Amino acid sequence: YFLFCNQLTINSTTMKWLYLILFALVALVSQMLWLNFGAMGVFMQAHYKIDEFTASLPILVFPLFYVLLSVNAGALIDKKGYKPVINFGVILMRIGAIVRIFHNDFWILFVGQCLIAIAQPYIINGISKLVADWFSEKDSGGAIGIGTGFMFLGMAVGIAVTPMIVGEDGSGYQTALIIMAVITVVCSALFVMVVK
């Protein structure tokens, strides 16, 4: 009996860290998708034949939706728990990432970015509830630090790696969007299927 209880405790401890890492991955992905176009303004203007302001819209839409939807996301998380709300966010983010693959028209790309921007507060705001449900007060600071650290890593990956994949001549643009969509689908599926 004692061996069983000890094994159960180890499994529960391992699972809470696994859940945190899977959450941190989807948070990383949401930040990565936000800043994919952060260092590509000139490319966007030339590729779509648009002005500078229009080229910045796929980035600017994120803070707008975050401000508009954060209160609603927080209220839903308090009412329904973090799992269904983050599930909604990651599924919407997945759809947005897939829509971006069909980027022949700038406004299709923009719709994909809007879907990801709408999803972001429903993902990011879940960290506090997830930590409160699974972690003791002693571990909660470290858990929130891990989640936040992954978000900053996602920003760095989005801004630095995307232009490298796209290349100076833009030949890797479609490839970059497909890679980002695959990463999104895999990470979101892992979260939905594994996290309780």
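Predicted model only: the values in this text are computed from it and were never measured.

Further remarks concern the overall build of the chain. What the chain contains, in helices and strands, is eight helices and zero strands. Seen in sequence order, the chain has helices and strands lined up from the N terminus as α-α-α-α-α-α-α-α. A globule of 196 residues ought to have a C-alpha radius of gyration of about 16 Å, and the chain, at 18 Å, matches this closely. In terms of overall dimensions, the chain has C-alpha extents of about 70 × 30 × 25 Å along its principal axes. When burial is assessed residue by residue, the chain has 45% of its 196 residues classed as buried.

Before going further, it helps to examine helix 8 (residues 173–194). Here helix 8 contains 22 residues, and its C-alpha end-to-end distance of 32 Å stays within 8% of the 32 Å for a straight helix at 1.5 Å per residue. Those residues of helix 8 that sit buried are Tyr173, Ala176, Leu177, Met180, Ala181, Thr184, Cys187, Ser188 and Phe191. The buried residues of helix 8 occupy an angular sector of 145 degrees when projected down its axis, which confines them to one face.

Turning next to the nonpolar core. Formed by 60 residues in total, the largest nonpolar core has its most connected members in Phe23, Met44, Met93 and Tyr173. For this core, the secondary-structure elements that each account for two or more residues are helix 1 (2–34), helix 2 (41–48), helix 3 (52–80), helix 4 (82–99), helix 5 (106–124), helix 6 (127–134), helix 7 (137–166) and helix 8. Residues within four places of Phe23 in sequence aside, it is in contact with Ile86, Ile123, Ile124, Gly126, Ile127, Leu130 and Phe191.

Turning our attention to the packing of helix 3 against helix 4. Each pair of packed helices can be described by the angle between their axes along with the distance between the axes. For the pair helix 3 and helix 4, interaxial distance at closest approach is 7 Å and the crossing angle is 135 degrees. Relative to helix 4, the element helix 3 lies oblique. Residues Ala73, Leu76, Ile77 and Lys80 of helix 3 pack against Tyr82, Pro84 and Val85 of helix 4. In terms of residue class, the contact of helix 3 with helix 4 is made up of six nonpolar, no polar and one charged.

A full pass over the atoms with the stated rule returns 10 aromatic pairs. On the basis of an interplanar angle of 80 degrees and a centroid distance of 4.9 Å, the ring pair of Phe106 and Trp107 is categorised as edge-to-face. A network of ring pairs unites the aromatic residues Phe43, Tyr48, Phe106, Trp107, Phe110 and Tyr173 as a single cluster.

Another point: the side chain of Thr162. Following the sequence through the fold, Thr162 ends up in helix 7. Thr162 gets classed as buried once you look at its relative accessible area, which sits at 4%. Of the polar contacts made by the side chain of Thr162, one reaches the side chain of Asn36; its length is 2.8 Å. Contact partners of Thr162, with chain neighbours within four places excluded, come to Asn36, Met40, Val157, Ala176 and Met180.

The rules behind these values
Residues numbered from 1 in each chain as written. Predicted model: local features only at pLDDT ≥ 70, side-chain atom pairs only at ≥ 80, totals over all residues. Heavy atoms only, no water. Helix = DSSP H or I, 4+ residues; strand = E, 2+ residues; numbered from the N terminus. Rg over C-alpha atoms; globule rule 2.2 N^0.38 Å. Buried < 20%, exposed > 50% of the residue type's maximum accessible area, 1.4 Å probe, protein only. Expected span 1.5 Å × (residues − 1). Arc of directions from axis to C-beta. Core = buried A, V, L, I, M, F, W, Y, C linked by side-chain atoms within 4.5 Å. Contact = heavy atoms within 4.5 Å. Axes fitted to C-alpha atoms, helices over the stretch in contact; angles between N-to-C directions. Parallel < 35°, antiparallel > 145°, perpendicular 65-115°, else oblique. Nonpolar A, V, L, I, M, F, W, Y, C, P; charged D, E, K, R; others polar. Phe/Tyr/Trp six-rings, centres within 6.5 Å; stacked < 30°, edge-to-face > 60°. Polar contact = N/O pair within 3.5 Å; in protein donor to acceptor, adjacent residues only side chain to side chain.

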